[in-house]
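For reference, the chains in residue letters:
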Amino acid sequence: MKFGYFDPKNKEYVITNPKTPTSWVNYLGTADYCLIISNNASGYSFYKSPKLGRVTRFRFNSIPMDRPGRYVYIKDEKTKDFWSISWQPVAKSLESFKSICRHGLGYSIFESSYDSITSSLKIFVPIDKPIEIWEVRVKNESNEVKELSLFTYTEFCLWNSMLDMMDFQYILYTCRMGYNHEDEIIDYSIKLWSPYEPKAFFTCTNKKIESFDTDRDVFIGAYNDESRPEAIVQGKCFGSIAIGGNPCAATQVKFSLLPGQEEYIVFILGIGDAYKEGKEYKKLFADKENIQKEFEKVQNYWAERLSKLSCSTPNENMNLMINIWNQYQCHTTFNWSRSASFIEAGGRDGLGFRDSCQDILGVVHSIPQEVRKRLIELLKAQLSEGYAMHHFQPLTWTQGEHNIPPRDRIYSDDHLWLLISVPHYIKETGDFSILDEVVEYADEGSATVFEHLKAALEFSWNHRGKHGLLLGLAADWNDCINLRNGGESTWSTQLYFKALTEFIELCEYLGKTEDAEKYKQYRDEIRKALEEYTWDGEWFVRGYLASGKKLGSKESEQTKIFLNSQSWSVFSGAFVDEKGKTAMDSVKKYLATEHGCVKNWPAYVDYIIEVGAVTSFPPGLKENAAIFCHANTWVIIAEAILGRGEYAFEYYMSFLPANKNDIAEIYTAEPYVYSQFITGKEHPYYFGRARNPWLTGTATWAFTAATQYILGVRPHYKGLIIDPCIPSGWDGFEFERVFRGRKLSIKVSNPDHISKGVKKISVNGKEIVGNLIPVEMLDEENVVEVVMGK
Ligand code: IFM
């Protein structure tokens, strides 16, 4: 069953049935002011920090699920009937109420048609101004004059999101609402502990405000809800001023419409003083042209970001995801990390170290300068011993004083992700100068980035366990597996193998032979340990528990095989051989399903204290035998490395969100972005149901897997590698990419219908040897012809 459709031309997802099984959201705002908005106009906004700068409220995980938000109500003064432009909160019967939501890049539009009135509400956040703009249009499609009132409503949050949800004895007495009568602007102000006094405003820029409320409980009424605010029932706001209590911004605007006439009304909600910034912005956005200009900037922002890479393959859903939605999601995870969604209620903000290292992979081709800055921030969160802060706050950064993790909060993988992200950045940009940049450590001292990378490798070398594998420490990528107290992680060891390989490749390229030789010795040792202690006959074990018992082995109780240690055996480069193939065959045999590969099998049924939190989830959910999408992307990469194009593509298709559009009643989450997990086959009822959309490492890795491993266009220090691994049925595909400022139009043909292998490449008519296009031979614009074959 469908709830909407993709509109590739306008780069929108259009929701035609508002009764979606979950809130289908969009992320607006790219800098300091951000908001999340659902297909029913619910959601919240924040300024700089979702934790400490929450501007509007949202009641998470609630029933009804979509409250509150930004609501525009229309009331017919003759009939006294009223509705909201978004279907919620009034929720008129869908027999008589037509509703559409268009989620676009950086904006959302709500359209409705009811009782011969058509209306729309477009919401967006300008690129560089801390405000949101609500553009409303109301048209009379009847043959009679309509007398209408428009009511707007949004509920303010009391800035500190956690106190706002918990500490009512305190927080409810901090707000001082007011009204700038002269300019008709609602004035929000609160005093918290600090001298900093958050201020915000709400106003209509082009119409007279007839009445207003700033006290939620007065506007709504204590026994009403957003579907039936008391003020709207009464036909007028009460002019309430919340000094303490629950602040809101509610306004009423009145107008009459002749048959066929349309009214255009603009509201703005922003950060600043109602008597200063509020006044200035009101003036600025009284002019429609200025609004249009801001909207164009938003459109250009996204057009520019998405313009650096695109493909045209025989699979439309792949094109749709790569060209639009997957890239959009990559930028969203880069900007927002894991801090604000309808799932992450905002209790934490800042950057997760491993997440942010990975998030750069999906955007580095598009915004290399921003990625460079982020990398430096991440490097500053590394400690001189080589490990990293698991989570840190670049906003409130105080070097050396914050977040130095206690020894038992050091993760075995965090710092090693630098060895993936920094080389990736250099391969994309050719900016080797980053390696010489001196960056402070979080605790003491400073070193060049090159030395930071070495410190990371040394830390892991010094933290190996009994079998020579990396100690699991607080955890590895899988936060929920207990590998503490001497437990060892196969997966972290595989990541280490990959990290060493990346570093060796870099050193060799730079002519640092001594370093290269040293780390080759490390890698040989690591390979030996993996060979000796992790092969289980048909697959690789996941590690060793503190007791010495194997984890994810034929010998194990309950779960016998985990996904990551199979995919990474190949992806790491350690086992691109028969063992790797056998391991991936076991993935097919035991883990693959029509919705993707489950993370472990069989699921844990009973809690095993020694194995940890992974065993506490019911079978098929989250980290216990769910289809963890992030981990599925590495399966695609492994199969592509093995040259098994049918498998790689089949896995890619199995959890591609766009493929779920027609079964949205099963999938339930947004079909335009990846979710963290899809419920696994061992769940008794919900196999195929997705949860935790948007802020997941799946975005960056699905994009990398599809573009660099299936389509096979991969940056290298020396140029661009072309190494596709596609379904043999494809005749070929086209790929456009900007690489180090040069544009390439790549046409791949597959006359022999094979999956992998490149016979011939010509660049601007000149044939090259091998499959690496040297950067020196690129002009500003380049035509590349690739013929696949043996
Ligand atoms: O790797 C983690 C990630 O950092 C946060 N979400 C869950 C993943 C798997 O445990």
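Residues numbered from 1 in each chain as written. Predicted model: local features only at pLDDT ≥ 70, side-chain atom pairs only at ≥ 80, totals over all residues. Heavy atoms only, no water.

A.B. asks: I tried to follow the overall build of the protein chain on my own but got confused; where do I start?
C.D. replies: Helix and strand counts for the protein chain stand at 19 helices and 43 strands. Taken against the 2.2 N^0.38 rule, which gives 28 Å for 790 residues, the C-alpha radius of gyration of the protein chain at 28 Å falls within 12% of a compact globule. If you line up the protein chain on its principal axes, its C-alpha atoms span 80 × 60 × 55 Å. Buried residues in the protein chain amount to 64% of all 790 residues. Intrachain contacts of the protein chain at a sequence separation of at least 6 include 67% that bridge at least 24 residues. Of the roughly 27800 Å² of accessible surface on the protein chain, a fraction of 49% belongs to carbon and sulfur atoms. (Helix = DSSP H or I, 4+ residues; strand = E, 2+ residues; numbered from the N terminus. Rg over C-alpha atoms; globule rule 2.2 N^0.38 Å. Buried < 20%, exposed > 50% of the residue type's maximum accessible area, 1.4 Å probe, protein only. Contact = heavy atoms within 4.5 Å. Areas by Shrake-Rupley, 256 points an atom, 1.4 Å probe, with all protein chains shown as cover.)

A.B. asks: Is there a simple way to think about the pairing of strand 36 (residues 713-716) in this case?
C.D. replies: Along any regular strand, the residues point their side chains to alternate faces of the sheet. Residues of strand 36 alternate between two faces, with Val713 and Pro715 on one and Arg714 and His716 on the opposite face, all of them buried. Across 4 bridges, the pairing between strand 36 and strand 37 (residues 719-722) is antiparallel. Of the residues in strand 37, the one forming a bridge with Pro715 is Leu720. Connecting the antiparallel pair strand 36 and strand 37 is a turn made up of 2 residues. (Pairing = 2+ DSSP bridges.)

A.B. asks: Got a minute to help me understand the sheet that holds strand 28 (residues 550-551) in this structure?
C.D. replies: Working definition: the strands of a sheet are paired by backbone hydrogen bonds and lie parallel or antiparallel to each other. Read from one edge to the other, the open sheet built from 4 strands follows the order 25-26-27-28, with strand pairing classed as antiparallel. Strands at the two margins of the open sheet, each flanked by one partner only, are strand 25 (470-471) and strand 28. As defined by bridge partners, strand 27 (residues 543-544) adjoins strand 28 across 2 bridges and the pair is classed as antiparallel. The residue of strand 28 that forms the bridge with Gly543 is Leu551.

A.B. asks: What is the right way to read the packing of helix 14 (residues 564-571) against helix 15 (residues 578-591) from this model?
C.D. replies: Each packed pair of helices is defined by two parameters, the angle between the axes and the distance between the axes. Contact geometry of helix 14 with helix 15 gives a least axis separation of 9 Å together with a crossing angle of 145°. Considering only the axes of helix 14 and helix 15, their crossing is left-handed. Residues Gln566, Ser567, Ser569 and Val570 of helix 14 form the contact with helix 15, whose own contacting residues are Gly580, Ala583, Met584 and Val587. Residue composition of the contact of helix 14 with helix 15, by class: 4 nonpolar, 4 polar and no charged. (Axes fitted to C-alpha atoms, helices over the stretch in contact; angles between N-to-C directions. Left-handed = near helix turned anticlockwise from the far one by under 90°. Nonpolar A, V, L, I, M, F, W, Y, C, P; charged D, E, K, R; others polar.)

A.B. asks: Just to check I follow, could you spell out the site of the ligand for this structure?
C.D. replies: Every residue close to the ligand is listed here: Arg354, Asp355, Trp477, Asn478, Asp479, Glu623, Phe628 and Gln676. Arg354 has a polar side-chain atom sitting 2.8 Å from an oxygen atom of the ligand. Between the ligand and the protein, one listed contact pairs an oxygen atom with a backbone N or O atom of Trp477 at 2.6 Å. A total of 280 Å² of accessible area belongs to the ligand in isolation, and the protein chains cover 86% of it. (Near = heavy atom within 4 Å. Polar contact = N/O pair within 3.5 Å; in protein donor to acceptor, adjacent residues only side chain to side chain.)

A.B. asks: What should I look at first to understand the nonpolar core in this one?
C.D. replies: One broad trend across soluble globular proteins is that nonpolar side chains are buried collectively. Grouped together as the largest cluster of nonpolar side chains are 255 residues, with contacts concentrated most on Val138, Leu150, Phe219, Met318, Trp417, Leu435 and Tyr652. Core analysis: the second largest hydrophobic core is formed by 10 residues, Leu483, Leu551, Phe562 and Val611 among them. (Core = buried A, V, L, I, M, F, W, Y, C linked by side-chain atoms within 4.5 Å.)

A.B. asks: Help me out: how do you make sense of the packing of aromatic side chains in this one?
C.D. replies: Centre-to-centre distance and the angle between the planes together describe a pair of aromatic rings. Scanning all chains against the criterion turns up 65 aromatic pairs. Note on Trp24 and Tyr672: the rings are 6.5 Å apart at their centroids and 80° apart in plane angle, and the pair reads as edge-to-face. Residue Trp24 is found in the loop between strand 2 (12-15) and strand 3 (25-28), and its partner Tyr672 is found in the loop between helix 18 (664-667) and strand 34 (675-678); the two are separated by 648 residues along the sequence. Note on Phe540 and Phe575: the rings are 4.6 Å apart at their centroids and 50° apart in plane angle, and the pair reads as tilted. In this pair, Phe540 is assigned in the loop between helix 13 (513-534) and strand 27 and Phe575 in the loop between helix 14 and helix 15, connecting sequence segments 35 residues apart. Note on Phe540: relative accessible area 0%, which makes it buried. If you follow Lys122 out to its NZ or CZ, it ends over the ring of Phe295, 3.5 Å from the centre. The ring of Tyr709 is capped by Arg714, whose NZ or CZ atom sits 4.8 Å from the centre of that ring. (Phe/Tyr/Trp six-rings, centres within 6.5 Å; stacked < 30°, edge-to-face > 60°. Lys NZ or Arg CZ within 6 Å of the ring centre and 35° of its normal.)

On their own, these measurements won't tell you what the molecule is for.
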